[in-house]
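Summary of structural features
Residue strings, one per chain:
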Amino acid sequence: MIRSPIILIEAALGLVLTLLAAVALGGQGALVTVLVFAVWIIGTLINLRLAAGGRGAGLAPLVLGLTLLGMWELAVRGFGISPVILPPPSAIAVRIAGSLPILWEDFVQTVIKGALSGYVIGCGAALITAVIVDRFDFLRRGLLPVGNFVAALPVIGIAPILVMWFGFDWQSKAAVVVVMVFFPMLVNAVEGLRATEPMQRDLMHTYAAGYWTALVKMRLPAALPFVFNGLKIASTLALIGAIVAEFFGSPIRGMGFRISTSVGLLALDLVWAEIVVAAIAGSAFYGAIALIEKRMTFWHPSQRGR
Amino acid sequence: MRNILPVLTVILALLVVWYAAAFQLNKQWALDMAARQDRVMTTQQLIADTWAQDKPKLPAPHQVAVELWETVALKNVTSRRSLVYHAWVTLSATLAGFGLGTLLGTLLAVGIVYSRVMDLSVMPWVIASQTIPILAIAPMIIVVLNAIGISGLLPKAMISMYLSFFPVVVGMVKGLRSPSQMELDQMCTWNASGVQEFIKLRLPASMPYLFASLKIAMAASLVGAIVGELPTGAVAGLGARLLAGSYYGQTIQIWSALFMAAAVAAAAVGIIGIVQRATLKRMGLDR
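Residues numbered from 1 in each chain as written. Chains lettered and ligands numbered in written order. Predicted model: local features only at pLDDT ≥ 70, side-chain atom pairs only at ≥ 80, totals over all residues. Heavy atoms only, no water.

Overview of the overall build of chain A
Where we set the bar: Helix and strand assignments come from DSSP, with helices taken as H or I runs of at least 4 residues and strands as E runs of at least 2, each series counted from the N terminus. In this scheme, a residue with accessible area under 20% of its type's maximum is buried, one over 50% is exposed, and one in between is partly exposed, where area comes from a 1.4 Å probe on protein chains only. Here a residue-residue contact requires only that any non-hydrogen atoms of the pair lie within 4.5 Å. Only the protein chains shown count as cover for residues, and all accessible areas are computed by the Shrake-Rupley method using a 1.4 Å probe.
Within chain A, the regular secondary structure consists of 13 helices and zero strands. Sequence-ordered secondary structure for chain A, helices as α and strands as β, is α-α-α-α-α-α-α-α-α-α-α-α-α. Here chain A holds 306 residues, and the buried ones make up 47% of them. At a minimum sequence separation of 6, the contacts of chain A that also span at least 24 residues come to 72%. Total accessible area on chain A stands at roughly 15400 Å², and carbon and sulfur atoms take up 73% of it.

Set out below in structure tokens:
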């Protein structure tokens, strides 16, 4: 099944680069380079087998991840890269195991208090605004271009202002998150509320359904795929907003605070530990929303195909 | 064009809300000052004062406009006091990162479309890479790259690249796969080689998707460049202006930097839109 030319080109290129590096470095460097390359080849071969087999294809990303981690570990140890620049994965794992209380405290401060509360308030407010905007065509035509414009702006820039207004604690972080998620959510929800077809609207009309009945029974369910799209975009934005807002001032806990102070102390293993926590939190957040979406919009074509 | 009136109404409403908020937020300080000097202010004086403070909590729109005019039009472009100079510093990093990100994204997308192994193994990691709040670790990346001797434009561009390659990958994979089986079969009957199929069918078919992605990527890389300027005491760029403004309580400076960033984002995305329209029109895809 190794028919795809890309892989062959990739392998050839990798081989040439490795040999060049090995020749240039000589001695131990050469050995390490060859070892790193060997790990990569093994990973690729396993993945080729998985891709060809069809069964167990879900493992392919896992194999790639392990391959990359292996290469990272080997390269850092082999080339003697200072832990101040890039700590090996094993050191990061040790650090995570060793400082669970700190990580948990930061997680609660940033994710639960800052990001989650802002996310709920922002998305809720955007949904309500969307229903109002949808009711009045004039508002829709006026607000939608403005909303689209604001959604493309570097909204993160208002973080210092909001920190100035709401103080250093989690309230200001939640405020940043509210502003960041509001417009993407609004644009998606308004789009979704318009997603019904004339035929469906006519059917509701023949049932003598009023505005509210039609809204609850037809247009809100029809808007769900768009709403979930907005919720997914907002979930990553929320985490970023809460962490970056902490760079402009925060109490002595929180992921953003820990990252910026640990960089100053050159404790990069703690920084990476926070990054791992943030990545897990972000993926879990996104995954949870995707799961709810699957449950609630099972009727939509994008969900049926799987 | 028919949207002009509603849009203007909304903007006008925003301005009114802004003036009202400025009055409300700055009132306390003005009252305190008056009490300290044993003055009694009429409402009119109070309103005038809240809209003309030196370091207000929320500057009034006209204060920001004046500051923008002074730092954009009245200063020499090469001067450090000129906002145009700072905007250019940020924009150059943005454009470098945007170019690199687009290149990387396109290459990855081609790989994913043509290789099942890459599709299976790389795609989930591309998605996972975006759940890492890269903006949050931007300071660390900058510091580390500084430590190994890479400084200036490149670290910021790397962050912009990381943020901008993702929309391009997703859009291009969708676009390169958008030709139907019928069209692919047609290429086959013409005895087209793989390269020909790519250049004459898949690449043109992906253009609408590419442009939609490019707009998102451009906005994302601008955010990346601005956040990249926050740490390590950057001296130039819009992000540095934001940080300096927040340190010294220069709210007017913060707001003018924000508006400059908005203008840069709007201009950059607008230019992509113009190129998009021209390209798609020439390709006959304009609808």
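A word on the pattern of salt bridges
What counts here: Within this document, salt bridges are pairs made up of a side-chain nitrogen of Lys or Arg and a carboxyl oxygen of Asp or Glu, the two lying within 4 Å of each other.
According to the stated counting rule, one finds seven salt bridges over all chains in the structure shown. Taken together, the salt bridges that share partners define one network made up of A:Asp137, A:Arg140 and A:Arg141.

Observations regarding the environment of A:Leu62
Looking at the secondary structure, you find A:Leu62 in helix H3 (residues 60-79). Residue A:Leu62 is classed as exposed on the basis of its relative accessible area of 52%.

Quick look at the nonpolar core
Rules: Put simply, a nonpolar core is a bunch of buried Ala, Val, Leu, Ile, Met, Phe, Trp, Tyr and Cys residues held in one set by side-chain atoms that sit within 4.5 Å of each other.
A:Tyr119, A:Cys123, A:Val181, A:Leu186, A:Leu231 and B:Trp255 are the most contacted members of the largest nonpolar core, which totals 85 residues. No other element matches the 14 residues that helix H10 (residues 211-245) of chain A contributes to this core. Other than its neighbours up to four places away in sequence, A:Tyr119 contacts A:Val177, A:Val181, A:Leu231, A:Ala234, A:Ser235, A:Ala238, A:Phe285 and A:Ile289. Within the second largest apolar cluster, 28 residues are counted, among which are B:Phe98, B:Val126, B:Phe198 and B:Val269.

Re the interface of chain A and chain B
We apply this condition: As used here, buried area is the combined drop in accessible area, with a 1.4 Å probe, of two parts when they are placed together.
Taken residue by residue, the interface counts 48 residues in chain A and 52 residues in chain B. A per-residue breakdown of the area chain A buries against chain B is headed by A:Arg141, A:Pro154 and A:Trp165, which together make up 14% of the total. The tally of links between chain A and chain B comes to zero salt bridges. At the level of elements, helix H1 (5-25), helix H2 (27-53), H3, helix H6 (137-151), helix H7 (159-166), H10, helix H11 (255-264) and helix H12 (268-296) of chain A are the ones that each hand at least two residues to the side of chain A that touches chain B. Looking at the side of chain A that touches chain B, the element that brings in the most residues is H12(A), giving eight residues.

Thoughts on the domain arrangement of chain B
How big an interface is tends to be reported as the loss of accessible area on association of its parts. Residue and element names in this part refer to chain B. As a reminder of what qualifies: Reported domain spans reflect what an automatic or database domain assignment gives.
If you check the domain split of chain B, you get domain 1 (4-57) and domain 2 (83-283). Computed over C-alpha atoms, the centres of domain 1 and domain 2 are 40 Å apart. Each side of the interface is counted separately: domain 1 has six residues, and domain 2 has seven residues. Of the roughly 430 Å² buried between domain 1 and domain 2, counting both surfaces, carbon and sulfur atoms make up 56%. Of all residues in domain 1, Trp 18, Lys 55 and Pro 56 bury the most surface against domain 2, accounting for 78% of the area lost on that side. Across the domain 1-domain 2 interface, the total number found is zero salt bridges.

Observations regarding helix H7 (residues 153-176) of chain B
Operational definition: Multiply 1.5 Å by the residue count of a helix minus one, and that product is the helix's expected span.
For H7(B), which comprises 24 residues, the first-to-last C-alpha distance of 32 Å matches the rise-based estimate of 34 Å (1.5 Å per residue) to within 8%. Where burial is concerned, most of H7(B) is hidden: 17 out of the 24 residues are buried.

Things to note about the side chain of B:Ser92
Where we set the bar: Whenever a nitrogen or oxygen atom comes within 3.5 Å of another N or O atom, the pair is scored as a polar contact, on the condition that within protein one atom can donate a hydrogen and the other can accept it, and that pairs from neighbouring residues in sequence are kept only if both atoms are in side chains.
Locating B:Ser92 in the fold gives a position in helix H4 (residues 83-114). Within the structure, the side chain of B:Ser92 is placed 2.8 Å from the backbone oxygen of B:Val89, a separation counted as a polar contact.

Side note on the environment of A:Asp137
Relative to the helices and strands, A:Asp137 is located in helix H6. Within the local environment of A:Asp137, its side chain forms a polar contact with the side chain of A:Arg140, the two groups lying 2.8 Å apart.

Structural notes on the side chain of A:Thr196
The topology assignment puts A:Thr196 in the loop between helix H8 (170-193) and helix H9 (198-206). In this view, A:Thr196 contacts A:Arg201, A:Met218, A:Arg219 and A:Ala222; residues no more than four positions away in its chain are not counted.

Examining the packing of helix H1 (residues 4-36) of chain B against helix H2 (residues 43-50) of chain B
All names here are of chain B. Heads up, the rule is: Structural elements are reduced to axes, namely lines fitted to C-alpha atoms, with helices fitted over the stretch in contact, and the angle between N-to-C directions of any two is expressed from 0 to 180 degrees. Comment on the angle field: the value is read as roughly parallel under 35 degrees, roughly antiparallel over 145, roughly perpendicular from 65 to 115, and oblique elsewhere.
Viewed as axis vectors pointing N to C, H1 and H2 meet at an angle of 105°, and their least axial separation amounts to 8 Å. By the angle between their axes, H1 is roughly perpendicular relative to H2. Between H1 and H2, the contacting residues are Ala 22, Phe 23, Asn 26, Lys 27, Ala 30 and Leu 31 on the first element and Leu 46, Ile 47, Asp 49 and Thr 50 on the second.

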